[in-house]
Amino acid sequence: MKKRTVLTLIVLAVLSGVVLAQTGVTSRNINNGFQALLYHAVRLEETFRHIDPIGMAVEEFGKAARDPAQAGEANLMLGLIYSYLQRPGTALGYYLEFAQLQPKDAWVQALMGDLYVEMGRLDEAERSYRLALEASSEEESLARVHCGLGTVALERGEYSQAREAFELALDGAQDFFDARLGLGKSLYYLGQYEEAIEVLELGQLQAPRSLSLLEYLGWSYEAVGRTDQAAHVFSRMEELRGVN
């Protein structure tokens, strides 16, 4: 399994806690799966090599999924885990099962949209994001959906539509780095280099080690003739690649 950030691990654990809190689930398997994720979040397997917390979580949620009363929450958690393990096809299957069991929870369509994008299935991604958009009312959820729609448009080369979607995402969540990066890319491809630089420089404050952001920032500097700044950015990219 590839190493991921501690933040991702914490989000997984918190999400599982939210599921329990919202549904009042008391299943022993659900609770055991949640506990196993917490073990992984604190990297227990690095101390005790014979322990596999992720495997334990999958086993426990798998047992819960066979119980109709717990199947929805269990499938959601299995989807989150396999998404974390970078197995989008497997994760998608569990999200689809969750969506069928709990159709009122249309927010899961945004998670499905992310997986479809990852697999290059852009038409299905757009459909999922639009289903989520119809059902969403919270600003953060809407921002995530607009960012997803922006990503689809960007992949298709529809840069004006991408810009509009990313701007809507940032209207709802000013600190949304992925939306800011997407907006910077869209502006670059639209030839609006000065605006791209302004957006990407703000993004650099959020994620100074993002190679993708630095690449587009460097290209934007080059496009307006700011060659010294471009050279500095590209030098920084080489340093980061050496570290990684």
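Residues numbered from 1 in each chain as written. Predicted model: local features only at pLDDT ≥ 70, side-chain atom pairs only at ≥ 80, totals over all residues. Heavy atoms only, no water.

**Q** So what's going on with the packing of aromatic side chains? Residues and values would help.
**A** Scanning the model with the defined rule gives 9 aromatic pairs in all. Between tyrosine 82 and tyrosine 94, the ring centres sit 5.7 Å apart and the planes meet at 10°, which makes this aromatic pair stacked. Residue tyrosine 82 is found in helix α5 (residues 71-84), and its partner tyrosine 94 is found in helix α6 (residues 88-101); the two are separated by 12 residues along the sequence. Judged by its relative accessible area of 11%, tyrosine 82 is buried. Owing to a relative accessible area of 26%, tyrosine 94 belongs among the partly exposed residues under this scheme. Ring centres 5.0 Å apart and planes at 70° place the aromatic pair tyrosine 216 and tryptophan 219 in the edge-to-face group. One end of the pair, tyrosine 216, and the other, tryptophan 219, are both in helix α13 (residues 211-223), 3 residues apart, so they sit about a helical turn from each other. The exposure class assigned to tryptophan 219 is partly exposed, which follows from its relative accessible area of 30%. Chaining the aromatic ring pairs together yields one cluster made of Tyr159, Tyr188, Tyr189, Tyr193, Tyr216 and Trp219. (Phe/Tyr/Trp six-rings, centres within 6.5 Å; stacked < 30°, edge-to-face > 60°. Helix = DSSP H or I, 4+ residues; strand = E, 2+ residues; numbered from the N terminus. Buried < 20%, exposed > 50% of the residue type's maximum accessible area, 1.4 Å probe, protein only.)

**Q** Please provide a residue-by-residue account of the pattern of salt bridges, values included.
**A** Per the stated rule, a full pass over the model turns up 12 salt bridges. With a closest N to O distance of 2.7 Å, glutamate 124 and arginine 121 form a salt bridge. Note on arginine 121: relative accessible area 32%, which makes it partly exposed. Linking glutamate 239 and arginine 236 is a salt bridge whose minimum nitrogen-to-oxygen distance equals 3.3 Å. You can see glutamate 239 and its partner arginine 236 sitting in helix α14 (residues 227-243), 3 residues apart, about one turn around the helix. For arginine 236, a relative accessible area of 30% translates into the label partly exposed. Several salt bridges converge on common partners, so that one network encompasses Asp123, Glu126, Arg130 and Arg156. (Salt bridge = Lys/Arg side-chain N within 4 Å of Asp/Glu carboxyl O.)

**Q** I'd love a proper account of the environment of glutamine 192, names of residues and values included.
**A** Residue position: glutamine 192 is located in the loop between α11 (177-189) and α12 (193-206). A relative accessible area of 27% means that glutamine 192 is categorised as partly exposed. Through-space distance from the C-alpha of glutamine 192 to that of serine 220 is 8.8 Å; in sequence the pair is 28 residues apart. Sequence-distant contacts of glutamine 192, that is, excluding residues within four places in its chain, are made with Arg163 and Leu187. Within the local environment of glutamine 192, its side chain forms a polar contact with the side chain of arginine 163, the two groups lying 2.4 Å apart. (Contact = heavy atoms within 4.5 Å. Polar contact = N/O pair within 3.5 Å; in protein donor to acceptor, adjacent residues only side chain to side chain.)

**Q** Account for unusual backbone geometry, with residues named and values stated.
**A** One non-glycine residue, arginine 43, lies in the positive phi region at around 60°. Its place among the elements puts arginine 43 in the loop between α2 (28-41) and α3 (44-47). Positive phi is not limited to glycine here, since glutamine 86 has a value of about 60°. Assignment of secondary structure puts glutamine 86 in the loop between α5 and α6. According to the relative accessible area criterion, glutamine 86 is partly exposed, its value standing at 39%.

**Q** Hey, could you go over the nonpolar core for me, with residue numbers and the actual values?
**A** Grouped together as the largest cluster of nonpolar side chains are 35 residues, with contacts concentrated most on Leu37, Phe61, Leu76, Tyr95, Val108, Met112 and Tyr129. Mapped onto this core, the elements with two or more residues apiece are α2, α4 (53-65), α5, α6, α7 (108-118), α8 (122-135) and α9 (139-156). In terms of residues, this core owes the most to one element, α5, which gives 8 residues. Apart from residues no more than four positions distant in its own chain, valine 108 is found in contact with Leu76, Tyr95, Phe98 and Ala99. Within the second largest apolar cluster, 30 residues are counted, among which are Ala162, Leu170, Ala173 and Leu200. (Core = buried A, V, L, I, M, F, W, Y, C linked by side-chain atoms within 4.5 Å.)

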